[in-house]
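# Structural overview for review
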Amino acid sequence: MSDLPRKAVTRTAKLAALPLGFAGRTALGLGKRIGGRPAELIAAELQQRTAEQLFATLGQLKGGAMKLGQALSVFESALPEQIAGPYRAALTKLQEAAPPLPSKSVHAALAERLGEDWRDLFEKFDDQPAAAASIGQVHRAVWHDGREVAVKVQYPGAGEALLSDLTQLGRFARLLGPLIPGMDIKPLIAELRDRVSEELDYELEARAQDAHASEFAGDADVTVPAVVHQSDQVLVTEWLEGVPLSEVIADGTPEQRDRAGQLLARFLFSGAARTGLLHADPHPGNFRLITGDHPDGPPEKWRLGVLDFGTVDRLPQGLPPEIGTALRLTLDGEAEAVHELLRGEGFVKPEIELEPGAVLDYLLPIIEPAQVEEFTFTRSWLRAQATRIADPRSPAYQLARQLNLPPAYLLIHRVTMSTIGVLCQLGATVRLREEMEAWVPGFAAVDESREAPA
């Protein structure tokens, strides 16, 4: 395969072929139906081909196209089952791998960024990439001091490719909308574009990862590999051995799924509280389950390994206390107080008039996992939520159209929804309320009000 395509005209042509391909296959299906083939068989065949084209295009282009694919992949649980099947395998592939750059391109990039004698920094360097992501790929190596390391090399031209891709994808976001019912793809693409400059800056990523590695050093539940070396467009960190979360999603036992889900929820809420940073790329490719010296041992001893800190939300005081307070008031049925708080934070614009009780009815099903001691996240539950909000006949649909998502909450919202998507992929039973009581400011008062002596 050639290097990452950098010319805008080349990448635009590939991306533009996606909706054209979708339309062409629809016409082909119509012809086959006229010819007498069963509609169900034709639909399945067309969906499979669409999934294959989606992966091939997004994976080869890398850049913003692949980043969108990764963002969408965590929401596949919301798809109706008859549609999800053909897309699930193709989208999940984007979480762990993509077609690699050739070795000569990697060597050239390392020579340019680390110097012609770059090999002297390593005792061993594996030319075969261990993982490929949206703007770079990772190689396994041995640092000159004997430590096993991961070497993250940014693709040449990644910045230009990201901006070009996301601009082009934004133009036909409407055509991708049916992939995820109830979700507006265009704001997601706009937000991804806003984060490009930060993700391209490996110095910022090194700082964020170092902050997490220091805070979670010796932690019983979460581990983050330390930063070893950072230079322009190259980041070297300690190697993290573990079971990819995608494998647990595919083949894990119920006990393994539950442990992985609990750790994921714990990191979602505790990370921001402990570091002032929110890890903002929670797709399964960025997590490992650390089994220690006993890979077949009890899952309750597993730890969560966290990778890729290229995108973070800076929250010096942790999650805004308004989030926890709004959730607590919702669970307590305080409709007027919830409405007032949401209006004050900008979720309800001044010119919009909403019935407080209707707002409560809209929110309660979404926060069902926080109402009980433990909750089993399932694809069917998420599909039901997506359908409720996406159905134009539903009151939830009408109310959702009147709500606003303030810029300060954009990334928090996406991270939370993405994490819920992964929990549903796991089918994990999680004590979510326990984590929220421990780490979300303003939320713990739920139990205080309910358990106070009469």
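Residues numbered from 1 in each chain as written. Predicted model: local features only at pLDDT ≥ 70, side-chain atom pairs only at ≥ 80, totals over all residues. Heavy atoms only, no water.

Under Sequence similarities (unreviewed entry), UniProt gives the following word-for-word description of the protein chain: "Belongs to the protein kinase superfamily. ADCK protein kinase family." (UniProt positions renumbered as here; feature names shortened; annotations may be inferred.)

Tallying secondary structure elements over the protein chain gives 20 helices and 13 strands in all. Within the protein chain, the fraction of its 454 residues that count as buried is 53%. Look at the contacts in the protein chain between residues 6 or more apart in sequence, and 71% of them connect residues 24 or more apart. When the accessible surface of the protein chain is totalled, it reaches about 19,900 Å², and 54% of it is carbon and sulfur. (Helix = DSSP H or I, 4+ residues; strand = E, 2+ residues; numbered from the N terminus. Buried < 20%, exposed > 50% of the residue type's maximum accessible area, 1.4 Å probe, protein only. Contact = heavy atoms within 4.5 Å. Areas by Shrake-Rupley, 256 points an atom, 1.4 Å probe, with all protein chains shown as cover.)

Summed over all chains, the structure comprises 16 salt bridges. A salt bridge links Arg 140 to Glu 148; the nearest nitrogen and oxygen atoms lie 2.8 Å apart. Residue Glu 148 is classed as partly exposed on the basis of its relative accessible area of 42%. Here Glu 434 and Arg 266 are joined by a salt bridge, their closest N and O atoms 3.9 Å apart. You can see Glu 434 sitting in helix 19 (residues 432–439) and its partner Arg 266 sitting in helix 12 (residues 254–275), a full 168 residues away along the chain. Through salt bridges with shared partners, one network takes in Asp 221, Arg 259, Arg 266, Arg 431, Glu 434 and Glu 435. (Salt bridge = Lys/Arg side-chain N within 4 Å of Asp/Glu carboxyl O.)

Across 4 bridges, the pairing between strand 5 (residues 227–231) and strand 6 (residues 234–238) is antiparallel. Paired with Gln 230 across the strands is Leu 235, a residue of strand 6. Between the antiparallel neighbours strand 5 and strand 6 lie 2 residues, among them Gln 233 with a positive phi of about 70°. (Pairing = 2+ DSSP bridges.)

This part covers the pairing of strand 6. A regular strand places its side chains so that they alternate between the two faces of the sheet. Of all 5 residues in strand 6, 4 are buried, a share of seventy percent or more. Bridge count between strand 3 (residues 148–154) and strand 6: 5 bridges; the pairing is antiparallel. Bridge assignment links Val 149 to a residue of strand 6, and that residue is Glu 238.

The next subject is helix 10 (residues 202–215). With 14 residues, helix 10 extends 20 Å from end C-alpha to end C-alpha; this agrees with the ideal 20 Å at 1.5 Å per step. Structurally, the start of helix 10 carries an N-cap: the backbone nitrogen of Glu 203 is 3.0 Å from a side-chain oxygen of Asp 201. (Expected span 1.5 Å × (residues − 1). Polar contact = N/O pair within 3.5 Å; in protein donor to acceptor, adjacent residues only side chain to side chain.)

Moving on, we come to the packing of helix 14 (residues 335–345) against helix 15 (residues 356–366). At a minimum axis separation of 8 Å, helix 14 and helix 15 run at an interaxial angle of 85°. Between helix 14 and helix 15, the crossing angle belongs to the class labelled roughly perpendicular. Contacts from Ala 335, Glu 336, Val 338, His 339 and Leu 342 of helix 14 reach helix 15 at Pro 356, Gly 357, Val 359, Leu 360 and Leu 363. The residue makeup of the contact of helix 14 with helix 15, split by class, is 7 nonpolar, 2 polar and 1 charged. (Axes fitted to C-alpha atoms, helices over the stretch in contact; angles between N-to-C directions. Parallel < 35°, antiparallel > 145°, perpendicular 65-115°, else oblique. Nonpolar A, V, L, I, M, F, W, Y, C, P; charged D, E, K, R; others polar.)

This next bit is on the sheet that holds strand 1 (residues 122–132). Read from one edge to the other, the open sheet built from 5 strands follows the order 1-2-3-6-5, with strand pairing classed as antiparallel. The outermost strands of the open sheet, each flanked by one partner alone, are strand 1 and strand 5. The mean inter-strand angle of the sheet, taken between neighbouring strand axes irrespective of direction, is 20°. Pairing between strand 1 and strand 2 (residues 136–143): 6 bridges, direction antiparallel. Bridge pairing in strand 2 links Phe 122 to Trp 143. With respect to the sheet, helix 10 is in contact with strand 2, strand 3, strand 5 and strand 6, its orientation differing from that of strand 5 by roughly 165°.

Moving on, we get to empty space enclosed by the protein. Enumeration according to the criterion identifies 3 cavities of 30 Å³ or more in this entry. Considering only enclosed or pocket space, the second largest cavity measures out at about 70 Å³ in volume. Lining the second largest cavity are Leu 264, Phe 267, Leu 268, Leu 278, His 279, Pro 282, Phe 287, Val 415 and Thr 419. Where the lining of the second largest cavity is concerned, the elements lending two or more residues are helix 12, strand 8 (277–279) and helix 18 (410–426). (1 Å grid on protein atoms, 1.4 Å probe; cavity = no way out; pocket = protein on both sides within 12 Å on 5 of 7 lines; lining within 4 Å. Points joined across faces, edges and corners; volume = space filled by probe spheres on them.)

This part covers the sheet that holds strand 7 (residues 243–244). Strand pairs in the sheet, formed through backbone hydrogen bonds, run parallel or antiparallel to each other. The strand order across the open sheet built from 4 strands is 4-10-9-7, with neighbouring strands paired in mixed fashion. Either end of the sheet is taken by a strand with one partner, and the two such strands are strand 4 (222–223) and strand 7. Judged from the 2 bridges that link them, strand 4 and strand 10 (residues 303–306) form a sheet pairing that is parallel. Paired with Val 222 across the bridge in strand 10 is Leu 304. Across the face of the sheet, helix 12 comes into contact with strand 4, strand 9 (287–290) and strand 10 while running at roughly 55° to strand 10.

For the rest of this paragraph, the subject is the packing of aromatic side chains. All chains considered together, the criterion is met by 9 aromatic pairs. Seen in terms of ring centroids, Phe 216 and Phe 267 are 5.8 Å apart; in terms of plane orientation they differ by 55°. Their pairing is tilted. Remark: Phe 267 occurs in helix 12 and Phe 216 occurs in the loop between helix 10 and strand 4; sequence separation between them is 51 residues. Taken individually, Phe 216 and Phe 267 each receive the classification buried, so the pair is uniform in this respect. Judged by centre distance (5.3 Å) and plane angle (70°), the ring pair of Phe 375 and Trp 381 falls under edge-to-face. The exposure classification of Phe 375 matches that of Trp 381, with both residues buried. A connected cluster of aromatic rings, assembled from ring pairs, spans Trp 118, Phe 122, Phe 125 and Trp 143. (Phe/Tyr/Trp six-rings, centres within 6.5 Å; stacked < 30°, edge-to-face > 60°.)

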